[in-house]
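Summary of the model geometry
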Amino acid sequence: MVIVGLIASVLGIALGLVIDWFPAQGSEQAKKIDTFWDVLIICSVPVFVLVTGVVLYSARYFRMRPGEENLDGPPIHGNTRLEVVWTAIPAIMLMALCTYAYLVLHDIEKAPAAGNERQIQVNGQQFTWTFDYNEGGKKFSSAQLYVPEGESVKFNVKTRDVLHDFWVPAWRMKIDAVPGITTNYRVTPIKLGTYPVVCAELCGLGHAFMRQTAHVLPKAQYAAWVKKMSAPAAGGAAAGGAGGAAPAVDAKALFQQGETQTGATACGGCHKLADAGTAGGVGPELDQVLKGKDAAFIKESILNPNAEIAAGFDKGIMPDTYSKLLTGPEVDALVKYLEEVAAK
């Protein structure tokens, strides 16, 4: 039985280490967290095999047999040495793992030794994320997260309504956005690319749609992006990079897919609209609530969604950031489209 247990432990550890549990490491912190995960597998698999083996062995050899239903079995006296062993070994393992976890946590939360650290404010709101930047005194906001490669970034996380959880799986770090307080953590992105930003705390009916994108850029490209974002908006275009004239807006596609450049969530993700073929149930069905409404009402509902709430729904469900994430022509095109397909 001991040999079988050893073989099962080795195979279990090997399997646990071979399985690709997480996405590719995208930060300095991810390396240390993944190593800690591997250590937990190495320690926990033998314990699991031991406990499971003892249970199965006992069930097989000490089970009640026919005719023994009314027997109590032989009296059993305690074994002090055995009790000391099975108490001391788990206690030592737990203390060692807790110490290691503390050292890892202390290391990944440590501020960089030198240089200014970039700070980005993360705002959670049902059901979207926005990011406030202060780059050398130039303040602006973005619906998508941009960070430079190889530089430590501290995220100060807030919420405008309920509890959320800011998480970029490739960076491993996550933290709650708690009403009334600011939480924070820092990461150093090490891999260029785009990564999903998700909410890891069930925050309402639209929780599954609370996703954004994190972009890790080379330093020069990041500097160019900052320059573009901090430039004065022209022609009434939205701050946040959606600026410029919109020669032809496909309002139906915009409704179905959202605006990928700025991160504006697709209306169809939350609203049911027959013409667009969407079936979202987070917000009201637009074929019903917009029937008979004029363009002014529709535009107000997009830009200031809390001005009038449909029966059966609460304030704060729809983000009030579309005035920043969509250009004027995009908003007008959406209004015209909804007026044509839903209001009449």
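The coordinates are above.
A brief report on the enclosed structure follows. In this text, all values refer to a predicted model and were calculated from it rather than measured experimentally.

1. Some details on the overall build of the protein chain
- A count of helical and extended segments in the protein chain gives nine helices and twelve strands.
- Its C-alpha radius of gyration of 28 Å places the protein chain more than 25% over the 20 Å reference for a compact globule of 344 residues.
- Across its three principal directions, the C-alpha atoms of the protein chain cover 85 × 60 × 35 Å.
- Buried residues in the protein chain amount to 38% of all 344 residues.
- Put simply, of all contacts in the protein chain between residues at least 6 apart along the chain, 66% involve residues at least 24 apart.
- Carbon and sulfur atoms form 61% of the exposed surface of the protein chain, whose accessible area is close to 19,700 Å².
- The positive charge centre, built from 30 side chains, and the negative charge centre, built from 33, are 5 Å apart in the protein chain.

2. So, the side chain of Ser 27
- Turning to its location among the elements, Ser 27 is positioned in the loop between helix H1 (2-18) and helix H2 (28-61).
- A distance of 3.1 Å separates a polar side-chain atom of Ser 27 from the backbone nitrogen of Ala 30.
- Side-chain polar atoms of Ser 27 contact the backbone oxygen of Trp 171, separated by 3.2 Å.
- Ser 27 has contacts with Ala 170, Trp 171, Val 187, Thr 188, Pro 189 and Ile 190, leaving out every residue within four places of it along the chain.

3. Re the pairing of strand S10 (residues 211-217)
- The buried count for S10 comes to five of seven residues, which makes it a mostly enclosed element.
- Across four bridges, the pairing between strand S4 (residues 145-148) and S10 is parallel. Directly across from Leu 145, in S10, lies its bridge partner Ala 214.
- Pairing of strand S9 (residues 193-199) with S10 involves six bridges; the strand directions are antiparallel. Looking across to S10, one finds that Pro 196 is bridged to Thr 213.

4. Some thoughts on helix H3 (residues 80-108)
- Compared with an ideal rise of 1.5 Å per residue, which puts 29 residues at 42 Å, H3 spans 42 Å between its outermost C-alpha atoms and is within 8% of the ideal.
- Along H3, the residues that are buried comprise Leu 97, Val 104 and Ile 108.
- If you follow the buried residues of H3, they end up packed against H2 and strand S8 (183-187).
- Two or three places before Arg 81, at the start of H3, stands the capping residue Asn 79, its side-chain oxygen 3.2 Å from that residue's backbone nitrogen.

5. Side note on a nonpolar patch on the surface
- The grouping of Met 1, Val 47, Leu 50, Val 51, Val 54, Val 55, Tyr 57, Tyr 61 and Phe 62 at the surface amounts to a nonpolar patch, some 910 Å² of accessible area in total.
- Relative to the helices and strands, Tyr 57 is located in helix H2.
- Given a relative accessible area of 37%, Tyr 57 falls into the partly exposed group.

Thresholds applied
Residues numbered from 1 in each chain as written. Predicted model: local features only at pLDDT ≥ 70, side-chain atom pairs only at ≥ 80, totals over all residues. Heavy atoms only, no water. Helix = DSSP H or I, 4+ residues; strand = E, 2+ residues; numbered from the N terminus. Rg over C-alpha atoms; globule rule 2.2 N^0.38 Å. Buried < 20%, exposed > 50% of the residue type's maximum accessible area, 1.4 Å probe, protein only. Contact = heavy atoms within 4.5 Å. Areas by Shrake-Rupley, 256 points an atom, 1.4 Å probe, with all protein chains shown as cover. Lys, Arg positive; Asp, Glu negative; His and termini not counted. Charge placed at Lys NZ, Arg CZ, Asp CG, Glu CD. Polar contact = N/O pair within 3.5 Å; in protein donor to acceptor, adjacent residues only side chain to side chain. Pairing = 2+ DSSP bridges. Expected span 1.5 Å × (residues − 1). Patch = residues over 30% accessible without salt bridge, like charges linked within 9 Å, V, L, I, M, F, W, Y side chains within 5 Å. Salt bridge = Lys/Arg side-chain N within 4 Å of Asp/Glu carboxyl O.

On their own, these measurements won't tell you what the molecule is for.
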